[in-house]
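So you can see what is in the structure, the chains are spelled out below.
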Amino acid sequence: MSALRTVTTFDEAAERTLRAMMGLAETALAATPYARRGRFLRGMVHLRPGDGYRGLVVVDADGATQAPAAGPRTPHLPSATAWRWASQQGRAVAIDVLLGTVTVAAGGVAMLPEGSRGEAFESGESQGRLLGRDATHLFVVPLRAPGGRVDGMVSIEADCRAAMGKDFIWPECGPGLELIADVAAPHLITLPLRQRAAPQPDALLPVIGASTASLVDMLRVFARQDETVLLSGPTGAGKSRLARWCHEQSSRRGQPFEALDLAAVPDDLQMAELFGWKKGAFTGAVKDTYGAIARAERGTLFIDEIDKLSLKAQAGMLRVLEERLYRPLGEGAGERSADVRFIVGTNANLHAASGNGQFREDLYYRINVLPVRVPALKDRQDEILRWAEHMLERRHRSSCPEGTSRIAQEAERVLVAHPWPGNLRQLDNIVRRAYALYLMEQPAPPKDCFLEARHLAEALAYEGGAGVRPLLELLQLAATSFVSEAERRRARHETLDLDHADALRGFVLGVATQKLGSKEEAFRLLGREGVVQNRNHQKTLKKELERVEALCRELGQPGASPFAGLSATEER
């Protein structure tokens, strides 16, 4: 493996590692009775430290190298089985796909005694996918970091039906394959990814910087699979936008895309929201109702905040993922099939949750097939200004479709200096607020908009921190401004009706919803738990925000509400 001394990127190290391992396996195959009846298909290096994929390289037996940015050709990706066994055992494992058994290499511990066999597949889905690409035997070697942590794996797929139920060639070449992987692991784990040109942005992903280019390349590959994608990352980083983007890149585009936010669903209603219900299934079930799975039939279902799923609902979800079967609540007999691609999102550490019993371990490994970590906005500084420009353009065009908008280049320093704990959602709120402050300076709604650094700085100042002015003082200031406007109107023989002061409720609810990222949590924060339980919060919020819009129109600033489109917020 001296060839690794000169490599400078993960991609190059992965390719050389795979060629060395497959060369060793080919030599071993040639010396066995399977030489004429067996063949190697491909080798793959998967780098997935922590909670997300960082690198993927595939080398086919014909010598072709595939990487996420390689174009329309779809690499074959691993099943949930391969990663579960490699990560849990911490040793090489051989999987007989035809029989559905797994053998742990010498030294294996934990789930199986060394050299013994066990059931490899919890369902026929992963097994069917491997056989569908002619893989009858799979050898998986973990990539171990210092200290023994498994940060990835190398897998080699072979086709040899004559070796069903036998050890194939793995006893002869397995130790050598493990040795190569162990020598290569420090390079694969620490080397940077090859720099690639940023993918072309589109309507759903209008901003793609160098900081997320490799992530988007990876997601483009994952989108073309039917395996579950797990999007993790902080709240407001854009997981729901990426989920919809994956749907549009998949073979299911044009079919339904359904999103279910479990943070907004009480525990006792989760199974009903997922699976649907029959009339009379529970109090309030006055008619048959489709669940999210049925509404997403033949399309994609994005389940956000999967960590909020109750243990009871987790059991039902696991069955859907493994057997593609479910039963609506109250349906006495029969089951329905689920032709749905699942994407799940979370801002929690599911691995830790599975370790302390809060999340089923089997469900964790079932959804952790294609994990992607979405970075926080503060780690994507090359994108902040461009996202702000996109958000401003979208906001301004909703008021003036023919207008143009710009942000001063000096504003980038203001934006980059902020930590953005609320990520894209918070940035969107700040841009809306800065836009409202800008409009307040204009004598008439402008066709062209130009935000200066001071507008954004002032908008950020409202976020609070040290020196926040007392609430009563700010309310007095708001009342004074309202009265001053009424006095100006009286001088023009006009009036500003006191009823417009009721818009304060809309401002309070709007700000709370933006800050918490949840309409339900906003009402709970403000002592309206009953409104949420009665499912009247959406209607109430809409009514109060209409008062804000009415005040904006009265002030001659239609479309200036900082809460426009709040009910359809994109930045999740």
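Residues numbered from 1 in each chain as written. Predicted model: local features only at pLDDT ≥ 70, side-chain atom pairs only at ≥ 80, totals over all residues. Heavy atoms only, no water.

**Here's the deal with the overall build of the chain**
Note the cut-off: Helix and strand definitions here come from DSSP, where helices need a minimum of 4 consecutive H or I residues and strands a minimum of 2 consecutive E residues; each element is numbered from the N-terminal end. Between buried and exposed lies partly exposed: a residue is buried under 20% and exposed over 50% of the maximum accessible area for its type, with that area taken using a 1.4 Å probe on protein chains only. Working rule for contacts: check all heavy atoms of both residues, and any pair within 4.5 Å makes them a contact.
Within the chain, the secondary structure is distributed over 20 helices and 17 strands. Each of the three principal axes of the chain carries a C-alpha extent, and together these read 100 × 60 × 40 Å. Considering the chain as a whole, with its 572 residues, one finds that 50% of them fall into the buried category. Put simply, of all contacts in the chain between residues at least 6 apart along the chain, 69% involve residues at least 24 apart.

**What about the sheet that holds strand 15 (residues 370-373)?**
Note the threshold: For two strands to pair, DSSP has to find at least two bridges joining them. With axes taken as lines fitted to C-alpha atoms, and helix axes fitted only over the stretch in contact, angles between N-to-C directions fall between 0 and 180 degrees.
Taken together, five strands build an open sheet; the order of strands is 10-11-14-9-15 and the sheet is parallel. Where the open sheet ends on each side, the last strands, each with one partner, are strand 10 (257-261) and strand 15. Averaged over all neighbouring strand pairs, the angle between strand axes comes to 20°, with direction disregarded. Sheet topology places strand 9 (residues 229-232) next to strand 15; four bridges connect them, and they run parallel. Across the sheet, the residue bridging to Leu231 is Val372, located in strand 15. The sheet contacts of helix 6 (residues 239-249) involve strand 9, strand 10, strand 11 (300-304) and strand 14 (341-346), and relative to strand 11 the element is tilted by about 165°.

**Points about the environment of Glu305**
In this structure, Glu305 sits in the loop between strand 11 and helix 9 (311-323). On the accessibility criterion, Glu305 (12% relative accessible area) is buried. Here the alpha-carbon distance between Glu305 and Arg133, two residues 172 residues apart in the chain, equals 33 Å. With sequence-adjacent residues up to four places away left out, Glu305 is seen in contact with Thr235, Asp261, Leu262, Ala263, Gly345 and Asn347.

**Points about the nonpolar core**
Selection rule: Nonpolar cores are built from buried Ala, Val, Leu, Ile, Met, Phe, Trp, Tyr and Cys residues. Side-chain atoms within 4.5 Å join them into one set.
Ranked by size, the top nonpolar core spans 42 residues in total, and within it Phe40, Phe168, Ile169 and Trp170 carry the most contacts. Every element with two or more residues in this core is listed here: helix 1 (10-30), strand 1 (39-47), strand 2 (55-60), strand 7 (137-144), strand 8 (150-159) and helix 4 (170-190). The contact partners of Ile169, leaving out residues within four places of it in the chain, are Ala25, Ala28, Leu29, Thr32 and Phe40. In terms of nonpolar packing, the next biggest core, distinct from the first, is built from 39 residues, Leu392, Ile407, Cys552 and Phe563 among them.

**Description of the side chain of Thr513**
One can find Thr513 in helix 17 (residues 503-516). Among all residues touching Thr513, those that are not within four sequence positions of it are Ser518, Lys519, Ala522, Leu541 and Leu566.

**With respect to helix 1**
Cut-off, in case you're wondering: By this rule, a helix spans an expected 1.5 Å times one less than how many residues it contains. By arc we mean the arc of the directions from the helix axis to the C-beta atoms, nothing more.
Its 21 residues place the ends of helix 1 30 Å apart at the C-alpha level, agreeing with the 30 Å of an ideal helix rising 1.5 Å per residue. Of the residues making up helix 1, those classed as buried are Phe10, Asp11, Ala13, Ala14, Thr17, Leu18, Met21, Met22, Ala25, Ala28 and Leu29. The buried side chains of helix 1 occupy one side of the element, clustering within an arc of 155° when seen end-on. Pointing more than 90 degrees away from the buried face of helix 1 are the exposed residues Thr27 and Ala30. Turning to helix 1, the residues buried within the fold contact strand 1, strand 2, strand 7, strand 8 and helix 4.

**Observations regarding helix 16 (residues 471-491)**
Between its terminal C-alpha atoms helix 16 stretches 31 Å, which fits the 30 Å expected from 21 residues at 1.5 Å a residue. Where helix 16 terminates, the next one or two residues include His493, which has phi positive at roughly 65°.

**Observations regarding a nonpolar patch on the surface**
Threshold: For patch detection, residues must exceed 30% relative accessible area and be free of salt bridges, and they are connected within 9 Å for like charges or within 5 Å for nonpolar side chains (Val, Leu, Ile, Met, Phe, Trp, Tyr). The protein chains shown are the only cover counted for residues, whose accessible areas, like all others here, come from Shrake-Rupley with a 1.4 Å probe. By definition, a salt bridge exists where a carboxyl oxygen of Asp or Glu is found within 4 Å of a side-chain nitrogen of Lys or Arg.
Taken together, Leu471, Leu472, Leu475, Leu504, Phe507, Val508, Leu516, Leu525 and Leu526 make up a surface patch of nonpolar side chains, about 840 Å² in accessible area. For the nonpolar patch, the secondary-structure elements that each account for two or more residues are helix 16 and helix 17. Tallying contributions element by element places helix 17 first for the nonpolar patch, with four residues. Note on placement: Phe507 falls in helix 17.

**A short note on the confidence of the model for the chain**
The following threshold applies: Along the chain, pLDDT gives the predictor's confidence residue by residue, from 0 to 100.
The predicted model of the chain averages 87 in pLDDT, with 91% of residues at 70 or higher. Across the chain, element-level confidence peaks in strand 11 with a mean pLDDT of 98 and bottoms out in strand 6 (residues 117-119) with 52. Counted against residues more than four places away or in other chains, residues 70-74, with its pLDDT under 50, gives 10 contacts.

**Examining the environment of Ala453**
Structurally, the position occupied by Ala453 is in helix 15 (residues 453-461). For Ala453, the residues in contact, after removing those within four places along its chain, are Ala408, Glu410, Ala411 and Val414.

**Re unusual backbone geometry**
The phi dihedral of Asp134 is positive, around 70°, even though this residue is not glycine. Take Asp134: it is sitting in the loop between helix 3 (124-132) and strand 7. The backbone of Arg298 sits at a positive phi, close to 70°, despite the residue not being glycine. Residue position: Arg298 is located in the loop between helix 8 (292-295) and strand 11.

**Quick look at the packing of aromatic side chains**
For clarity, the cut-off: For this analysis, a ring pair means two rings from Phe, Tyr or Trp (six-membered ring only for Trp) whose centres lie within 6.5 Å, classed as stacked if their planes differ by under 30 degrees, edge-to-face if by over 60, and tilted for the remaining angles. Only when the NZ of Lys or the CZ of Arg is both within 6 Å of the ring centre and within 35 degrees of the ring normal is a charge said to sit over the ring.
With the rule as written, the count across this model stands at 10 aromatic pairs. With 6.3 Å between their ring centres and 50° between their planes, Phe40 and Phe168 make a pair best called tilted. In this pair, Phe40 sits in strand 1 while Phe168 sits in the loop between strand 8 and helix 4, placing the two residues 128 residues apart along the sequence. An aromatic cluster is present here, built from Tyr34, Phe40, Phe139, Phe168 and Trp170 joined pairwise through their rings. Cation over ring: Arg48 sits above Trp83, and NZ or CZ is 4.0 Å from the ring centre.

**Notes on the pattern of salt bridges**
Where charged atoms from two side chains of opposite charge come close, those side chains can pair. Applying the stated criterion across every chain, the model contains 38 salt bridges. A salt bridge links Glu157 to Arg42, with the shortest nitrogen-to-oxygen separation between them at 2.6 Å. Of this pair, Glu157 sits in strand 8 while Arg42 sits in strand 1, placing them 115 residues apart in sequence. The pair Glu157 / Arg42 is uniform in exposure class, with both members buried. Of the charged contacts in the structure, one is a salt bridge between Arg397 and Glu393, with a shortest N-O distance of 3.3 Å. Pair noted here: Arg397 and Glu393 are both in helix 12 (residues 381-399), with a separation of four residues, about one helical turn.

**Looking at the state of the cysteines**
This is how the line gets drawn: Any cysteine sulfur atom paired with another within 2.5 Å is treated as part of a disulfide.
As enumerated under the stated definition, the model contains zero disulfides in all. In this structure Cys449 is not part of a disulfide, and its nearest cysteine sulfur, from Cys400, lies 9.9 Å away. Lacking any disulfide linkage, Cys552 is separated from the closest cysteine sulfur, that of Cys449, by 15 Å.

**Remarks on the side chain of His455**
Residue position: His455 is located in helix 15. We classify His455 as buried; its relative accessible area is 1%. The residues contacting His455, other than those within four sequence positions of it, are Ala434, Leu437, Tyr438, Glu441 and Phe450.

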